[in-house]
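These are the residues of each chain, in order.
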Amino acid sequence: MAAPPLSMKPTGWFQVAWSDEIGVGDVRRMTYFGTDLIAWRTESGRITVMTAYCEHLGAHLGYGGHVQGEVLQCPFHGWQWNADGRNVCIPYEPRPNRGRRIRTFPTVERNASVYVWHDVDGREPFFDAPDVFGAFGDDRTAADYYPQQRLFEQGHEMHPQYVLENGVDFAHFKYVHQTPITPIFTRHDFAAPVSYVDFTITFTGDDGQRIEDVDSGVEAVNGGLGIAVTKSWGMIDNRTISCITPVDDRTSDVRFMVYIGRPAGTPRNPERARAKAEEFGAEVIRQFRQDIHIWSHQRYSDPPALASGELEGFTAIRQWAKQFYPDGIGGSAAEVHAAHTKG
Ligand code: FES
Ligand SMILES: [Fe+2]
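Residues numbered from 1 in each chain as written. Chains lettered and ligands numbered in written order. Predicted model: local features only at pLDDT ≥ 70, side-chain atom pairs only at ≥ 80, totals over all residues.

Undergrad: Explanation requested: the sheet that holds strand β2 (residues 27-32) in the structure shown.
TA: Working definition: the strands of a sheet are paired by backbone hydrogen bonds and lie parallel or antiparallel to each other. Strand order in this open sheet of four strands is β2-β3-β4-β9, and the pairing throughout is antiparallel. This sheet does not close on itself; its edge strands, each paired only once, are β2 and β9 (104-105). Where strand β4 (residues 47-51) lies against β9, two bridges are found, and the strand directions are antiparallel. In the strand pairing of β9, Met50 is matched with Thr104. (Pairing = 2+ DSSP bridges. Helix = DSSP H or I, 4+ residues; strand = E, 2+ residues; numbered from the N terminus.)

In structure tokens form, the structure reads like this:
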């Protein structure tokens, strides 16, 4: 399949791991945005994501590099690098090399996830990674929910923007997710790098009901193209985080998490309540898989053949997405092609 005409090196926050995958002293190898990276955690708990190669003679620090207190020691000649990518010790010289620096990426841990800021021009973060509990203006925390359930899939030929476009795509719900009636969007706010989408939706009842009578829905907050968080209302209490991270020019890693709300008070049968929550979480994951099945085989359509009701939402989201692409590319295939052939 053709590589997507959208840049696979967008700017923003992207998930590269779950926090519990990188314990104190661990060095983990990964490849994102076509770059070999490592993530490592110091004794004090600080996590660093950096280019994988030692600036001395180029050893891959993910093969035998080891954490010593707050620094990472190269397996080849023992040079030590700190969490800012600075050389702090050459064991056979009185002074470190203060000039060379391994490229590190701004990193935050939030919602049990490790997010890195990626920008081809090395600009500092200009928005915040969304918090699935902080983004919705309520006081619920992880303690109000059962432990998260996760999905992790690799190697899909899909672009992060496909996932975001679900947020304006009212028509797919009936066909991909078998909702009885078509949802309606009640908010589309694409004014800033963090955008907001709300919709009224139901998964129950028959196709004779009117959407105007439905009292359940979803609020979504998109932190750039890489991370989207949602909160449900009027149905089983759930929160989700979907993260799409480009690996190379063709494929992305997909991570998805769902938290199911704990019942208020102590349930009469806690074991049964937990099992029910697990079942419901599995159903949410199943629905997300239905989307992945479409996205991973999709070809980006540009310009798309839109129904009149789709025009406004898709125009807005595609315009919004451009700010995350190098040189603002990403709206028109012709522009992207020109930029690719230029380079
Ligand atoms: S290559 Fe890392 S210390 Fe020499
Ligand atoms: Fe969907």
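Undergrad: Sorry, what's going on with the domain arrangement of the protein chain here?
TA: The accessible area lost on association of the parts is a frequent measure of interface size. The domains assigned to the protein chain are domain 1 (12-118) and domain 2 (142-324). Facing twelve residues of domain 1, the contacting portion of domain 2 comprises 15 residues. When residues of the side of domain 1 that touches domain 2 are traced back to their parent elements, those giving at least two are β1 (12-18) and β2. Ranked by residue count, the leading element in the side of domain 1 that touches domain 2 is β1, at five residues. For the side of domain 1 that touches domain 2, a count of residues per class yields seven nonpolar, five polar and no charged. (Domains from an automatic or database assignment. Contact = placed C-beta atoms within 7 Å. Nonpolar A, V, L, I, M, F, W, Y, C, P; charged D, E, K, R; others polar.)

Undergrad: Would you mind going over the environment of Asn111 with me for this structure?
TA: Within the secondary structure, Asn111 sits in the loop between β10 (107-110) and β11 (113-118). Classification of Asn111 by C-beta neighbours within 10 Å gives buried; the count is 25. Placed 19 residues apart in sequence, Asn111 and Pro130 show a C-alpha to C-alpha distance of 9.3 Å. Apart from residues no more than four positions distant in its own chain, Asn111 is found in contact with Asp131, Val132 and Ile241. (Buried ≥ 20, exposed ≤ 12 C-beta atoms within 10 Å, placed from the backbone.)

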